Amino acid sequence: MFAFMSVTGLYAADITTISNAFASGSMTSLAANMDAEIDLALQGKAQRKNVAEAIAQLNRFVETNKPTGFTVVHHADKKESGFLVGKLVTGNGEFRVNVTYAIKNDKVIIQSIRIE
């Protein structure tokens, strides 16, 4: 029983797709990891969006703010959910990125994205 608890305690969700999308500016790659609707907040304006609307708005954001780098500053998982905080470096400055997600069948499902 102890070994099982130790292994599950060390498990961390795979956030590679999320970090790679922000690093490259390829927001379309996030679609497969998004819930049917997400809370999207870009620079103070928050709205509930379906996947297509969220991807379109994120693509507009990265077209205006071309990413030059992305670093995960903090990442934590707790049972069926988790979050990450990252620093997005663009030609127009740095942005703080917060992503919350659910973990369903070992897959990260994005619930919200906030870029400030």
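In what follows, the structure referred to is the one given above.
Here's a quick rundown of the structure. Everything numeric in this text was worked out from a predicted model, so none of it was measured.

The next subject is unusual backbone geometry. Positive phi outside glycine occurs at Lys-79, with the angle close to 55 degrees. Here Lys-79 is to be found in the loop between β3 (67-78) and β4 (81-90). Residue classification places Lys-79 among the exposed residues on the basis of a relative accessible area of 74%. The backbone phi angle of Asp-106 is positive, close to 65 degrees, even though this residue is not glycine. Take Asp-106: it is sitting in the loop between β5 (93-104) and β6 (107-115).

The subject of this paragraph is the pattern of salt bridges. Applying the stated criterion to the full structure yields 2 salt bridges. Glu-37 serves as the salt-bridge partner of Arg-48, at 3.5 Å between the closest nitrogen and oxygen. Remark: Glu-37 occurs in strand β1 (residues 34-42) and Arg-48 occurs in strand β2 (residues 45-50); sequence separation between them is 11 residues. Judged by relative accessible area, Glu-37 falls into the partly exposed class, the value being 40%.

Criteria and cut-off values
Residues numbered from 1 in each chain as written. Predicted model: local features only at pLDDT ≥ 70, side-chain atom pairs only at ≥ 80, totals over all residues. Heavy atoms only, no water. Helix = DSSP H or I, 4+ residues; strand = E, 2+ residues; numbered from the N terminus. Buried < 20%, exposed > 50% of the residue type's maximum accessible area, 1.4 Å probe, protein only. Salt bridge = Lys/Arg side-chain N within 4 Å of Asp/Glu carboxyl O.

Note that all results are geometric; they support no functional claim without further evidence.
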